[in-house]
Amino acid sequence: MRRKPVVRAGLSALLVLGALSGAGGAFSTAAAASGADAPAAKPAGASAPSAGLVRALGRDLGLTADQARERLGQEAAAMKLESKAERAAGASYGGSWFDTSSGKLVVGVTGAERAASVRATGATTRIVQHSAAALDAATARLDDKARKKAAPAGVSSWSADPRAGGVVVRVREGSEGDAAVRAFLREAKRSSSVPVTVEKAPAQAPTTFAAGTVGGDPYYTGNVRCSIGFSVQGGFVTAGHCGQAGGSVSGWDGSYIGNFQGSSFPGNDYAYVSVGSGWWTVPVVLGWGTVPDQLVRGSNEAPIGASICRSGSTTHWHCGTVLAKNETVNYSQGAVYEMTKTSVCAEGGDSGGSFISGDQAQGVTSGGWGNCSGGGETWYQPINEILSVYGLRLHTA
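Here we summarise the structure given alongside this text. By convention here, each chain's residues receive numbers from 1 onward along its written sequence. Two thresholds apply to this predicted model, a pLDDT of at least 70 for residue-level local features and 80 or more for giving and counting side-chain atom pairs, whereas whole-chain, interface and lining totals are computed over all residues. Calculated side-chain values reflect all of the structure's heavy atoms, with hydrogen atoms and water omitted.

1. Topic: the overall build of the chain
Selection rule: Helix and strand definitions follow DSSP, with helices as H or I runs of at least four residues and strands as E runs of at least two, each counted in order from the N terminus. Each residue gets one of three labels from its accessible area relative to the maximum for its type: buried under 20%, exposed over 50%, partly exposed in between, using a 1.4 Å probe on protein chains only. Contact definition: two residues touch when any of their heavy atoms are within 4.5 Å. A 1.4 Å probe and the Shrake-Rupley method give the accessible areas. Residues count as covered only by the protein chains that appear here.
For the chain, the count of helices and strands is seven helices and 23 strands. Split into buried and exposed, the 397 residues of the chain put 57% on the buried side. Considering only residue pairs separated by 6 or more positions, the chain has 63% of its internal contacts joining residues 24 or more positions apart. Put simply, the chain shows about 15200 Å² of open surface, and 50% of that area lies on carbon and sulfur atoms.

2. A look at the pattern of salt bridges
As a reminder, the rule being used: Here, a salt bridge means any Lys or Arg side-chain nitrogen found within 4 Å of an Asp or Glu carboxyl oxygen.
Evaluation of the coordinates by the stated rule reveals 14 salt bridges. Between Glu75 and Arg71 there is a salt bridge, with its nearest N and O atoms 2.7 Å apart. Of this pair, Glu75 and Arg71 are both found in helix 3 (residues 65–89), four residues apart, which corresponds to roughly one turn of the helix. Given a relative accessible area of 1%, Glu75 falls into the buried group.

3. As for the packing of helix 2 (residues 51–61) against helix 3
Operational definition: The angle between two axes is taken between their N-to-C directions and runs from 0 to 180 degrees, where each axis is a line fitted to C-alpha atoms and a helix contributes only its stretch in contact. Oblique is the label for any angle not covered by the other classes, which are roughly parallel (under 35 degrees), roughly antiparallel (over 145) and roughly perpendicular (65 to 115). Ten residue types, Ala, Val, Leu, Ile, Met, Phe, Trp, Tyr, Cys and Pro, are classed as nonpolar, four, Asp, Glu, Lys and Arg, as charged, and the remainder, Gly among them, as polar.
The interhelical angle for the contact between helix 2 and helix 3, taken along N-to-C directions, is 105°, at an axis separation of 9 Å. In terms of orientation, helix 2 and helix 3 fall into the roughly perpendicular class. Taken together, the residues of helix 3 that come into contact with helix 2 (itself represented by Leu53, Val54, Leu57 and Leu61) are Ala65, Ala68, Arg69, Arg71 and Leu72. Considering only residue class, the contact of helix 2 with helix 3 consists of seven nonpolar, no polar and two charged.

Structure follows, in structure tokens:
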């Protein structure tokens, strides 16, 4: 990150001015400049929700302060538990999700013989008819068909839903009667070994959230403005539709940051940008004055149903819940696979920005529908896949 004599409130999500102070309760100088409340002092490795984060969840999810603090603690426990519970379920694993009424992780199992082992981890169980492997296989068959022949524009997205025990195809309002859509649904149901249900999606087609160049925004490539996702050793990750491999990237002040070292879109929506020329990386997501800048401590995956927040250069900080995983999004440029859908709003220029749950990195903003005035839904590309593909190491506090 480039040193500048004056701290600027409109910095990008991760390349914030100033270095972190000491370990544990450190925060970026951007938080101090914006007037955001600093995290309370905690022992090294501990992480308590800030007053700003509690307020943001209250605003976006309709929670009281006590409810928000309790839920964040429950979700952090569920994230740590999920992989252990999946191992305990073995081949009978039918997916998992966070239940807001009980505050616990629920794990679907196809046989009662594994239920006790799963409950021993601390999760609750539900007997389901189909395993997660069967649900994923059914979704993969639809993905394969879309790779061979583009899905009709009236189909918004599709994904496996472990809570419903099948595949859900979402059709844009007003497109239900289109011949191509009806043919797609018939073939989906005919070729699937699990139930296929249809849900109505908004008439607005899902779109990516890049934007034309305007002054004072986090980073630019060509005439496109996007948002930085997460710092990795040597650079940052962001959305693939924001730029192609080799493309030059400039920061909020117009100075050169680095180049796209890899980029994939459609099919995927992720990219890796190198950082140099006086810029450096820090394990921080910008809170934009709504919350303190958030330290990133890992990338444990949040379950379906968990709360999640997004930071972006246009609409700043907004929260919602995880609605679906491994969803295929049918953009006009082509389908993008294995995305996570959320109820968080976003707008043009937020593309590539950070999705975070507690202090755990989740993914980079891809696209969606709606806006932050009337509401909407947004998909992100999961962070762990990006790290794996490029062989990167997340920069953590």
